[in-house]
Amino acid sequence: GRPVTISEYLPQEEFQASEFNQLFLKPTGVRFILGADMRTDGDMLARFRVSRNEKAVDFGEEERTLCSLLLPHLRQSVEIFARISRIASERTLYAGTLNQMAVGTIILDGHGKILDKDRIAEALLKQADGVASIGGMLSLNDRTASGRLGETIRKIVESERKGERALVEAIRVERPSGKRDFGLIVKPAPQPRYLDEQHIPAIVVFISDPDRHTAMVPAALAKLFGLTPAEAAFAVLLGDGLTLDEAAHELSIARNTARAHLRSIF
């Protein structure tokens, strides 16, 4: 936390003769170094260094004072960087979890405009089979569901403005293709402080597609729940929405064998 120079600890003649100087600094033309080490609240160690070549003069009190003025800002920058890195890591973790569950996520502002979406949601919007992005707005093909979505957004925004707790809404959306309905969960997004209402997350929409397979790994299920490989493979198919008979056909096993697997799983 305190800026120092090498000369404060080592005479110049001794420093110039040192192996460190001869092997690492002299080949790069570095002669004088001013620096400070900082440990942030998050226990991250940051090092700040300024160097001059052999034609310059050593750093003095004026430069050390200037360095002291810079250090608090540098420390704050490092702490913000560390915080952003943790948030990014957590976001990747949560997004990966939702991908495993085959759930798409869309973030809207208070007017229903799409601010962000994950990979699954983007794929579903491109298909435009019941849900789509039109003019940057989330649009539902089902008129009844579309009306409920608009009303839900309005209620959530109004509740948040009043400081009240908004309810989570579940909406089923019919699909023109005839595939099974989408399930939408609409809920308020955590509100960041000190920001105006323009272009900030207000609504989170989770889209569940029953025809989309989850990314379950049979081997992991077997370890977690003590299943045999055959039982784990059967459980994955059931988790993807197949009936007992469909799963049995998929695995080329008899219905009685499938029922035995089911009993064992339960």
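## Quick word on the pattern of salt bridges
Then comes step 1: On inspection of all chains with the given rule, the structure shows 13 salt bridges.
Then comes step 2: We note a salt bridge from Arg 52 to Glu 63, for which the minimum N-O separation is 3.1 Å. Remark: Glu 63 occurs in helix H3 (residues 61–100) and Arg 52 occurs in strand E3 (residues 45–53); sequence separation between them is eleven residues.
Then comes step 3: Residue Arg 52 is classed as partly exposed on the basis of its relative accessible area of 24%.
Then comes step 4: Linking Arg 175 and Asp 129 is a salt bridge whose minimum nitrogen-to-oxygen distance equals 3.3 Å. Note that Arg 175 is positioned in the loop between strand E8 (169–173) and strand E9 (182–188) and Asp 129 in the loop between helix H4 (119–127) and strand E6 (131–134), a separation of 46 residues in sequence. Of the two residues, Arg 175 and Asp 129, neither departs from the other in class, the shared state being buried.

## Things to note about the packing of helix H8 (residues 244–251) against helix H9 (residues 255–265)
Then comes step 1: Packing of H8 against H9 leaves a shortest axis separation of 9 Å and a crossing angle of 110°. Taken together, H8 and H9 sit at an angle that is classed as roughly perpendicular. Note that H8 runs across H9; the crossing there is right-handed. Contacts from Leu 244, Asp 245 and Ala 248 in H8 reach Arg 255, Ala 258, Arg 259 and Leu 262 in H9.
Then comes step 2: Split into classes, the residues belonging to the contact of H8 with H9 amount to four nonpolar, no polar and three charged.

## A word on the nonpolar core
Then comes step 1: Ile 106, Leu 108, Leu 138, Leu 184, Ile 203, Val 205 and Ile 207 are the most contacted members of the largest nonpolar core, which totals 25 residues.
Then comes step 2: Only strand E4 (103–108), H4, strand E7 (137–140), helix H5 (143–162), E8, E9 and strand E10 (203–208) provide two or more residues apiece to this core.
Then comes step 3: Sorting elements by how many residues they give to this core places H5 first, with five residues.
Then comes step 4: Each residue touching Leu 184, except ones within four places of it in the same chain, is listed here: Leu 140, Glu 169, Ala 170, Ile 171, Val 173, Val 205, Phe 206 and Ile 207.
Then comes step 5: Ala 36, Phe 59, Cys 67 and Leu 71 belong to the second-largest nonpolar core, a separate cluster that totals ten residues.

## Description of the sheet that holds strand E1 (residues 4–5)
Then comes step 1: Pairing is antiparallel in the open sheet, where three strands are placed in the order E1-E2-E3. The two strands at the open ends of the sheet, each matched to only one other strand, are E1 and E3.
Then comes step 2: In the sheet, strand E2 (residues 30–39) pairs with E3 via nine bridges, with the strands oriented antiparallel. Paired with Gly 35 across the bridge in E3 is Arg 49.

## Remarks on helix H7 (residues 229–239)
Then comes step 1: Where H7 is concerned, the buried positions are Glu 231, Ala 232, Phe 234, Ala 235, Val 236 and Leu 237.
Then comes step 2: Against the buried residues of H7 lie helix H6 (218–225), H8 and H9.
Then comes step 3: A positive backbone phi angle near 100° is found at Gly 241, which sits one or two residues after H7.

## So, the environment of His 261
Then comes step 1: If you trace the backbone, His 261 turns up in helix H9.
Then comes step 2: Along the backbone, His 261 and Leu 244 are 17 residues apart, and their C-alpha atoms lie at a distance of 10.0 Å.
Then comes step 3: Discounting chain neighbours no more than four positions away, the residues touching His 261 are Ala 230, Glu 231, Phe 234 and Ile 253.

## Things to note about the packing of H6 against H7
Then comes step 1: Following both chains from N to C, one finds H6 and H7 inclined at 110°, their axes separated by 8 Å at the closest point. Relative to H7, H6 is oriented roughly perpendicular. As for the relative orientation of H6 and H7, their crossing is right-handed in sense. Listed contacts from H7 to Pro 218, Leu 221 and Ala 222 of H6 are Ala 232, Ala 233, Ala 235 and Val 236.
Then comes step 2: Looking at the contact of H6 with H7 residue by residue, the classes come out as seven nonpolar, no polar and no charged.

The rules behind the values
Residues numbered from 1 in each chain as written. Predicted model: local features only at pLDDT ≥ 70, side-chain atom pairs only at ≥ 80, totals over all residues. Heavy atoms only, no water. Salt bridge = Lys/Arg side-chain N within 4 Å of Asp/Glu carboxyl O. Helix = DSSP H or I, 4+ residues; strand = E, 2+ residues; numbered from the N terminus. Buried < 20%, exposed > 50% of the residue type's maximum accessible area, 1.4 Å probe, protein only. Axes fitted to C-alpha atoms, helices over the stretch in contact; angles between N-to-C directions. Parallel < 35°, antiparallel > 145°, perpendicular 65-115°, else oblique. Left-handed = near helix turned anticlockwise from the far one by under 90°. Contact = heavy atoms within 4.5 Å. Nonpolar A, V, L, I, M, F, W, Y, C, P; charged D, E, K, R; others polar. Core = buried A, V, L, I, M, F, W, Y, C linked by side-chain atoms within 4.5 Å. Pairing = 2+ DSSP bridges.

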